[in-house]
There are 2 protein chains.
Amino acid sequence: MEDARILGVLGGMGPLASAHFMLRLTLLTPATREQDHVPAVLWSDPRVPDRTRGKQVGKADPLPWLLHGIAGLRQAGCGAIAIPCNTAHGWYEEMQATSDLPILHIVDAATADLRRQGVAGGTIGLMATAATLKMRLYQDRLAAQGWTCLIPNDSQMARLVGPAIAAVKANRMADAYAPLAEVVNDLAARGAVSVVLGCTEIPLGLQAGPQAALRVPVVDTIDALARTSIAWALAGRR
Amino acid sequence: MEDARILGVLGGMGPLASAHFMLRLTLLTPATREQDHVPAVLWSDPRVPDRTRGKQVGKADPLPWLLHGIAGLRQAGCGAIAIPCNTAHGWYEEMQATSDLPILHIVDAATADLRRQGVAGGTIGLMATAATLKMRLYQDRLAAQGWTCLIPNDSQMARLVGPAIAAVKANRMADAYAPLAEVVNDLAARGAVSVVLGCTEIPLGLQAGPQAALRVPVVDTIDALARTSIAWALAGRR
C-alpha cells in the first residue's frame, strides 16, 4: 500500500468546489479501470472561517484550521497538498513553512492552463474574491510572466461577484450565473482575451447557464488545479 | 473544532461515485452559508481490490484495504462512516466488528428512500454487481420488509450490467447509459414499480442519457446514502 502517491485535498472552502474538484480529478485522469485512478484524501471542513473576512482586522483567523487540515492529510499518508480555494492561498507561505509536503499553488496551475489554452501573454480578465484581488495573489505573478490583468470594478464586485460567490456556497447556482456572465462579458468588452476564474465557486456558478453566451474562453481554476494534481500523481508512477 | 459531527466517507470504489457522493452530500444539505455544510473526510482509494472478484476464491481480498481506510477516518476525527459502494457492504460485519464508529448501511438508506418515494411494498427491480446479487445483500433484507425483488437474468448481467459498471469506472459514462436503461425498462416490463440502483456506478451511467426514457422511478443509492448521512450529521447539532 506504500508505493503510490496519495494526493491530499484541503477542501470544504466551499464544499461544492472541493467535491467538484474530486469529480474533475477523476474525469481528467487517463484510466481504463478503477485501479488507474489517483488515490486521494479530501479534508472537507466547511467550518473554516471565511477567508475574505479573515484578511480583515479582528475577524476569525482561518490559519489554525488550515494547518489542522494539513496535519490531518499528512497523517493520512498524503504526499502533496492541493487546495481548491484561491483565497486560502493568501496563507500559502505560512502553510508551506509548517509543512514538509509540497503545496501545489493554484496560481501556478492557472498560468499552466492559460498556456495550455494558447494564451501566452496579453490582457486577461481576473475574477476572484475581494481578498484575493486585494492581496494581488494573481496580478503580480501574472505580470511577471507577461500577462496584464483586468479586474472588475468596485461596483461589480459588490453588486455581482460577491453575491454570486455567496449564492454558490448556499447551493443557489442558478442565481449566480447571470451576474457572473455579465462580468465575464464586461471584461471581454474591455479587452480581455480570456478570463481567469480565480475563485473556485465562480466556475460552478457559470456552469449553471449557457456557455455559448460567454464571449471569451475562461480558465477554470478547479480544472487547472486538478490537471496539476494529476501530473504530480502520475509522475510518481514512472 | 471539537463539537461538530464529522462524517467519514470510505470511497474510491469507484472514485467517481465517491466524488459524486460528496457533491450530493453538499447539494442535499440545507445551507444558507458555507459554514452550514457537513464536515467530512473522504478517503478515496481506488487501489482497493475489486469487490466482486474479492468474493471469489483466490482473488485479492479488499478487507485489509477497507479496514485501513476506516482506521484513517477514525484517526481524522470522524464520528460515523458512509461507504458509497454497495458491494463493499459484503464485508459490513467484519468492518463493523473492528470499529467503534457506526457504519451507515447503504441498504438501510435505500429502503428509507423507497419509503420516501412512497413505495411501501410490492415488486421492485434490483440492479447491482454480480457479487451483491449473489450475496443477497438486498433481497433478504427487502423481503423481510415487504418488498419482492426482481433481478436481471444472467445474460443481462454479463452483456449489459457488468460492462456498463466497468465503463463508468473507466470514465465512459455515455457507453453505460443504453445498456443500463434497457435493463431498467425490462425490469419495469416484468412488473417492477421502482428499480433500486444497488451499485453506485449505475446512477452515474443512467445520468448520461434521457431520464424520460426510464419507465419507472429509480432509487439512487448515492443520494440515499447522502440523505442518511446528512440526517446523522444534523442530529448532532441539536
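Rules used throughout
Residues numbered from 1 in each chain as written. Chains lettered and ligands numbered in written order. Predicted model: local features only at pLDDT ≥ 70, side-chain atom pairs only at ≥ 80, totals over all residues. Heavy atoms only, no water. Helix = DSSP H or I, 4+ residues; strand = E, 2+ residues; numbered from the N terminus. Buried < 20%, exposed > 50% of the residue type's maximum accessible area, 1.4 Å probe, protein only. Pairing = 2+ DSSP bridges. Axes fitted to C-alpha atoms, helices over the stretch in contact; angles between N-to-C directions. Contact = heavy atoms within 4.5 Å. Buried area = accessible area lost by both parts, 1.4 Å probe. Salt bridge = Lys/Arg side-chain N within 4 Å of Asp/Glu carboxyl O. Polar contact = N/O pair within 3.5 Å; in protein donor to acceptor, adjacent residues only side chain to side chain. Phe/Tyr/Trp six-rings, centres within 6.5 Å; stacked < 30°, edge-to-face > 60°. Lys NZ or Arg CZ within 6 Å of the ring centre and 35° of its normal. Least-squares fit on C-alpha atoms with pLDDT ≥ 70 in both. Domains from an automatic or database assignment.

(A) Main features of unusual backbone geometry. Residues and elements named next belong to chain A. Between Met13 and Gly14 the backbone carries a cis peptide bond, its omega angle lying at -5°. As for its placement among the helices and strands, Gly14 is situated in the loop between β1 (7–11) and α1 (15–27). One non-glycine residue, Arg136, adopts positive backbone phi at about 55°. Overall, the relative accessible area of 40% leaves Arg136 in the partly exposed class.

(B) A look at the sheet that holds strand β5 (residues 122–127) of chain B. Residue and element names in this part refer to chain B. If you trace the 4 strands from one edge of the open sheet to the other, you get β6-β5-β7-β8, paired in parallel fashion. One side of each edge strand has no neighbouring strand; the edge strands of this open sheet are β6 (147–150) and β8 (218–220). Each neighbouring strand pair of the sheet contributes to a mean axis angle of 30°, computed without reference to strand direction. With 3 bridges joining them, β5 and strand β7 (residues 195–197) adopt parallel strand pairing. Pairing of Leu126 across the sheet is with Val196, part of β7. Packed on one face of the sheet, helix α9 (residues 173–189) meets β5, β6 and β7 and runs near 160° to β5.

(C) Geometry of the sheet that holds strand β5 (residues 122–127) of chain A. Residues and elements named next belong to chain A. Strand order in the open sheet made by the 4 strands is β6-β5-β7-β8, with parallel pairing throughout. The open sheet is flanked by β6 (147–150) and β8 (218–220), the only strands paired with a single partner. Taken over all neighbouring pairs, the strand axes of this sheet differ in orientation by 30° on average, direction set aside.

(D) Structural detail: the interface of chain B and chain A. Facing the 44 residues of chain B at the interface are 44 residues of chain A. Carbon and sulfur atoms supply 60% of the area that chain B and chain A bury against each other, a total of about 3600 Å² over both sides. Arg51 of chain B is the salt-bridge partner of Glu34 of chain A, the closest N and O atoms lying 2.8 Å from each other. Counting the contacts that link chain B with chain A gives 18 residue pairs in polar contact (both at pLDDT 80 or more). For the side of chain B that touches chain A, the secondary structure elements donating two or more residues are α1 (15–27), β2 (40–44) and α3 (63–75) of chain B. Counting residues per element, the side of chain B that touches chain A draws most heavily on α1 of chain B, at 8 residues.

(E) Here's a closer look at the packing of aromatic side chains. One pass over the full model with this rule turns up 0 aromatic pairs over all chains. Here the guanidinium or amino end of Lys55 of chain A rests over the ring plane of Trp91 of chain A, the centre of that ring lying 4.2 Å away.

(F) Structural context of the relation of the copies chain B and chain A. Once chain B is rotated about the relating axis by 180° and shifted along it by 0.0 Å, it coincides with chain A to within an RMSD of 0.0 Å. In the structure described here, the two chain copies are related by an operation that fits a two-fold rotation axis. Considering only C-alpha atoms, the part of chain B nearest the rotation axis is Leu42 of chain B, at 2.5 Å. Taken as a fraction of all interface residues of chain B, those also at the interface in chain A reach 100%, which identifies the copy contact as same-surface.

(G) How the structure looks around the domain arrangement of chain A. Residue and element names in this part refer to chain A. Examined at the domain level, chain A breaks down into domain 1 (7–105 + 224–235) and domain 2 (107–220). Summarising the inter-unit geometry, the C-alpha centres of domain 1 and domain 2 are found 20 Å apart. Contacts between the two partners involve 20 residues from domain 1 and, on the opposite side, 24 residues from domain 2. Here domain 1 and domain 2 share an interface that buries about 1700 Å² over both sides, 56% of which is from carbon and sulfur atoms. Together, Asn86, His105 and Ala224 form the three largest contributors to the area buried by domain 1 at its contact with domain 2, with a combined 38%. Inspection of the domain 1/domain 2 interface yields 1 salt bridge. One salt bridge in this structure joins Arg227 and Asp113, with 3.7 Å as the shortest N-O distance.

(H) Highlighting the pairing of β5 of chain B. In terms of strand pairing, β5 of chain B meets β6 of chain B through 4 bridges, oriented parallel. Counted as the bridge partner of Gly122 of chain B is Trp147 of chain B from β6 of chain B.

(I) Structural detail: the environment of Val195 of chain A. All names here are of chain A. In this fold, Val195 is placed in strand β7 (residues 195–197). A C-alpha to C-alpha distance of 5.6 Å links Val195 and Ile124, two positions 71 residues apart in sequence. Apart from residues no more than four positions distant in its own chain, Val195 is found in contact with Gly125, Leu126, Met127, Val184, Leu187, Val216, Pro217, Val218 and Val219.

(J) Just the pattern of salt bridges, in detail. Within this structure, the stated rule accounts for 24 salt bridges over all chains. Between Arg136 of chain A and Asp140 of chain A there is a salt bridge whose closest N-O contact spans 3.0 Å. Its relative accessible area of 43% is what places Asp140 of chain A among the partly exposed residues. Residues joined by salt bridges that share partners form a network here, namely Glu34 of chain A together with Arg51, Lys169 and Glu201 of chain B.

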